[in-house]
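# Structure at a glance
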Amino acid sequence: MTKVVAITSEKGGVGKSTLAVHLAGAAHAAGRSVLLIDEDGRVGSSLRWAARTGGLPFQVMAAGDVKPKRLSAFDLIILDTEGRPRRRDLRQLAERTDLILVPSGVSTLELEATRELLDFLSGEDAARKTRVVLTRVPPVGRAADEAREDLREDGVTVCNAVVRHYAAYQKAAELGILAGDVRDPRAEAAWNDILALAGEVL
Ligand SMILES: Nc1ncnc2c1ncn2[C@@H]1O[C@H](COP(=O)(O)OP(=O)(O)O)[C@@H](O)[C@H]1O
Ligand SMILES: [Mg+2]
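Quick look at the structure, then. (Residues numbered from 1 in each chain as written. Chains lettered and ligands numbered in written order. Predicted model: local features only at pLDDT ≥ 70, side-chain atom pairs only at ≥ 80, totals over all residues. Heavy atoms only, no water.)

Attention now moves to the overall build of the chain. A count of helices and strands for the chain gives seven helices and six strands. Listed N to C, the secondary structure of the chain is β-α-β-α-β-β-α-β-α-β-α-α-α in terms of helices and strands. Here the C-alpha radius of gyration of the chain, 16 Å, is about what a compact globule of 202 residues would show, namely 17 Å. Taken along its principal axes, the extent of the C-alpha atoms in the chain is 40 × 40 × 30 Å. Residue pairs at least 24 apart in sequence account for 76% of intrachain contacts in the chain once pairs closer than 6 positions are excluded. Of the accessible surface of the chain, which amounts to about 10,000 Å², a share of 48% is contributed by carbon and sulfur atoms. Once the 28 positive and 29 negative side-chain charges of the chain are each reduced to a mean point, those two points are 4 Å apart. (Helix = DSSP H or I, 4+ residues; strand = E, 2+ residues; numbered from the N terminus. Rg over C-alpha atoms; globule rule 2.2 N^0.38 Å. Contact = heavy atoms within 4.5 Å. Areas by Shrake-Rupley, 256 points an atom, 1.4 Å probe, with all protein chains shown as cover. Lys, Arg positive; Asp, Glu negative; His and termini not counted. Charge placed at Lys NZ, Arg CZ, Asp CG, Glu CD.)

Here's what the structure looks like:
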């Protein structure tokens, strides 16, 4: 069975494409056949990432180019969606996916936006499938632990693994490669965050 994982968020620039590309990379590294579908044509999307010189080791396609019949050939499909989904789109997204990951920064404003999105889903079937991933987490301090606790108190499902804020992710995007392959002292730490998350959610 093909597992379908969508990544969406209430705000732009929170790290959806970064997460999508790296989770696909982790699944590929584990020997799974993975397809990353870019449903967001704008700058910074995973399709543009793949188009840079580095080259990603798995297939990335624009949503418009996908042949639905071919999808069952993959073990895992990751959807990199646009930010701020319309509520109707969000419901539809939930219908065609097994899991919705909502990356969120740990700042008060970002957490508020994330809560809004989750509030809409609460009570819906989709809520069961949705998990928050704390991203761009300051490597020092307890911000992620506090955010996780607060969200969980409100009944939100939050991943234990977090993606910390490392320049290696930015460099990876610029080069069109994965953070673990970047020449950077924190490249391995960045990749380990992804592996931990992949182990938890994929
Ligand atoms: N964990 C992270 N650490 C450092 N920078 C990050 C991280 N995640 C994302 N970024 C950077 O933040 C910006 C937005 O990330 P991106 O993945 O394109 O977000 P989105 O797809 O939600 O718009 C990019 O410059 C990206 O390199
Ligand atoms: Mg994006």
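Following the structure, the description resumes.
Here we take up the pairing of strand E2 (residues 34–38). Successive side chains on a regular strand alternate, one facing one side of the sheet and the next facing the other. Most of E2 sits out of view: five of its five residues are buried. Here E2 shows a buried face lined by Val34, Leu36 and Asp38 and a second buried face lined by Leu35 and Ile37. Bridge count between E2 and strand E4 (residues 76–80): five bridges; the pairing is parallel. When the bridges of E4 are listed, Leu36 appears paired with Ile78. In terms of strand pairing, E2 meets strand E3 (residues 59–62) through four bridges, oriented parallel. When the sheet's bridge partners are listed, Leu36 is paired in E3 with Val60. (Buried < 20%, exposed > 50% of the residue type's maximum accessible area, 1.4 Å probe, protein only. Pairing = 2+ DSSP bridges.)

Here the focus is the site of ligand 1. Lining the immediate environment of ligand 1, one finds 14 residues, of which Gly13, Lys16, Ser17, Thr18 and Arg164 sit closest. In the model, an oxygen atom of ligand 1 is placed 3.0 Å from a nitrogen or oxygen of the Gly15 main chain. Against a free-state accessible area of 560 Å², the protein chains account for coverage of 82% of ligand 1. Of all the secondary-structure elements, those providing two or more residues to the shell around ligand 1 are helix H1 (16–29) and helix H6 (167–175). (Near = heavy atom within 4 Å. Polar contact = N/O pair within 3.5 Å; in protein donor to acceptor, adjacent residues only side chain to side chain.)

Within strand E6 (residues 130–134), four of the five residues are buried, which leaves it mostly tucked inside the rest of the structure. Bridge count between strand E5 (residues 99–104) and E6: five bridges; the pairing is parallel. In the sheet register, Pro103 faces E6, and the bridge partner there is Val133.

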